[in-house]
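Below are the chains, spelled out letter by letter.
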Amino acid sequence: MTRQDDLPPADAADALRLIEAERAAAASRLQPDARLVYWPWAVAWFIGFGLYFLRFSPDGRVLVRLPGWLPLTVLFTLLVAAAVAQAVASARAYGQVTGDSAQRGRWYGYAWALGSLGIFAGLGRIAEHLPHDLGGLLWSATAVGLTGALHMAGGAIWLDRDLFRLGAWISAINLVGTFAGPGWHALVVSVAGGGGILVVGALARRRQWHGS
């Protein structure tokens, strides 16, 4: 580095460009890669719910003869893997963040954990009294509905339009799949839900690259 490099910018335009470059660099360090946040969930939904549709299709049909336990096992395994990937990416990016943002993140995480435990505890008492296809629809529609609602809440908290729009999209397709009925719900969530998460992740990453 020469003494010339240490000099301040020659004019206001150069100064503004330098400030913007530094701002973008700082933002990229404090934001996790959007692909690591969104895409593991897209893969989990596409594969997990896709296998569920193939095994438990509408009207009791079986398109692919898989063991009955396999779709849910794959789905939950992929969901756990997605949660771990997101947690690691977020911890690396937000590890040094303190104050209100950190507090909002913790409280938001508590909402996810307690909300999930609450609905699963309740559904566990109800689903066993329903036919298998309706019990499966109750579980998946409630879980996907909670996901959509909390995504919209997260978007409102952080003024994140991508997150809010994704939550609205998930809520809408959940309604469509629920009214379509058992089997169809899994297909809608797999294709439209997984695809929507994939698209939002790509758009969010593109905005990160452009510093906007």
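See the structure above.
Since this is a predicted model, take the numbers as computed values, not measurements.

Enquirer: Would you mind showing me how to read the overall build of the protein chain here?
Expert: Check the secondary structure of the protein chain and you find 8 helices and 0 strands. Put simply, the protein chain runs from its N terminus to its C terminus through helices and strands in the order α-α-α-α-α-α-α-α. Within the protein chain, the fraction of its 212 residues that count as buried is 31%. Excluding contacts between residues fewer than 6 apart, the proportion of contacts in the protein chain whose partners are at least 24 apart in sequence is 68%. Counting every atom, the protein chain has about 13200 Å² of accessible surface; 67% of that belongs to carbon and sulfur.

Enquirer: Honestly, the packing of aromatic side chains in this entry has me stumped. Any pointers?
Expert: Aromatic ring pairs are defined here through the distance separating the ring centres and the angle between the ring planes. Applying the stated criterion across every chain yields a total of 6 aromatic pairs. Centroid distance F53 to W184: 6.2 Å. Interplanar angle 40°. Geometry classified as tilted. Of this pair, F53 sits in helix α3 (residues 34-55) while W184 is found in helix α8 (residues 184-209), placing the two residues 131 residues apart along the sequence. Summarising the aromatic geometry, the rings of Y108 and W158 are spaced 5.2 Å apart at their centres and angled 85° between planes, so their arrangement reads as edge-to-face. With a gap of 50 residues between them, Y108 in helix α5 (residues 100-126) and W158 in helix α6 (residues 132-158) connect regions that are remote in the sequence.

Enquirer: Even after reading the chapter, I still don't get the side chain of R205, so can you show me in this structure?
Expert: Residue placement: R205 occurs in helix α8. Once you skip the residues sitting within four places of it in the chain, R205 turns out to touch D33, A34 and R35.

Enquirer: How should I be thinking about α6 in this particular structure?
Expert: Spanning 27 residues, α6 covers 39 Å between terminal C-alpha atoms, matching the ideal 39 Å at 1.5 Å per step. Once α6 ends, the next one or two residues include L159, with phi positive near 55°.

Enquirer: I keep staring at unusual backbone geometry and nothing clicks. Help me out?
Expert: One can expect most non-glycine residues to show negative phi and most peptide bonds to be in trans. Despite not being glycine, D59 shows a phi value in the positive range, around 60°. By the secondary structure assignment, D59 is in the loop between α3 and α4 (70-94). Its relative accessible area of 75% is what places D59 among the exposed residues. Unusually for a residue other than glycine, L159 sits at a positive phi of about 55°.

Enquirer: How should the nonpolar core be read in this particular structure?
Expert: Nonpolar side chains in soluble globular proteins tend to end up buried together. Core analysis: the largest hydrophobic core is formed by 20 residues, its most contacted members being Y38, W45, F49, V144, L166 and I197. Contributing elements (two or more residues each) for this core: α3, α7 (161-180) and α8. Examining the composition of this core, we find that 9 residues originate from one element, α3, more than from any other.

Enquirer: Would you take a moment to explain the packing of α3 against α6 for this structure?
Expert: Helix-helix packing is described using two parameters, namely the angle between the two axes and the distance between the axes. It is the contact of α3 with α6, at a shortest axis distance of 13 Å, that shows an interaxial angle of 165°. The angle between the axes of α3 and α6 places the two elements in the roughly antiparallel class. The element α3 and its partner α6 pack so that their crossing is left-handed. Here W45, F49 and Y52 of α3 lie close against α6, whose contacting residues are H132, G136, S140, V144 and T147. Across the contact of α3 with α6, the residue classes tally to 4 nonpolar, 4 polar and no charged.

Enquirer: Looking at this structure, I do not really get a nonpolar patch on the surface. What am I missing?
Expert: On the surface, V43, F46, I47 and V191 cluster together into a nonpolar patch covering about 350 Å² of accessible area. For the nonpolar patch, the leading source of residues is α3, giving 3 residues. In this fold, V191 is placed in helix α8.

What counts, and at which threshold
- Residues numbered from 1 in each chain as written.
- Predicted model: local features only at pLDDT ≥ 70, side-chain atom pairs only at ≥ 80, totals over all residues.
- Heavy atoms only, no water.
- Helix = DSSP H or I, 4+ residues; strand = E, 2+ residues; numbered from the N terminus.
- Buried < 20%, exposed > 50% of the residue type's maximum accessible area, 1.4 Å probe, protein only.
- Contact = heavy atoms within 4.5 Å.
- Areas by Shrake-Rupley, 256 points an atom, 1.4 Å probe, with all protein chains shown as cover.
- Phe/Tyr/Trp six-rings, centres within 6.5 Å; stacked < 30°, edge-to-face > 60°.
- Expected span 1.5 Å × (residues − 1).
- Core = buried A, V, L, I, M, F, W, Y, C linked by side-chain atoms within 4.5 Å.
- Axes fitted to C-alpha atoms, helices over the stretch in contact; angles between N-to-C directions.
- Parallel < 35°, antiparallel > 145°, perpendicular 65-115°, else oblique.
- Left-handed = near helix turned anticlockwise from the far one by under 90°.
- Nonpolar A, V, L, I, M, F, W, Y, C, P; charged D, E, K, R; others polar.
- Patch = residues over 30% accessible without salt bridge, like charges linked within 9 Å, V, L, I, M, F, W, Y side chains within 5 Å.
- Salt bridge = Lys/Arg side-chain N within 4 Å of Asp/Glu carboxyl O.

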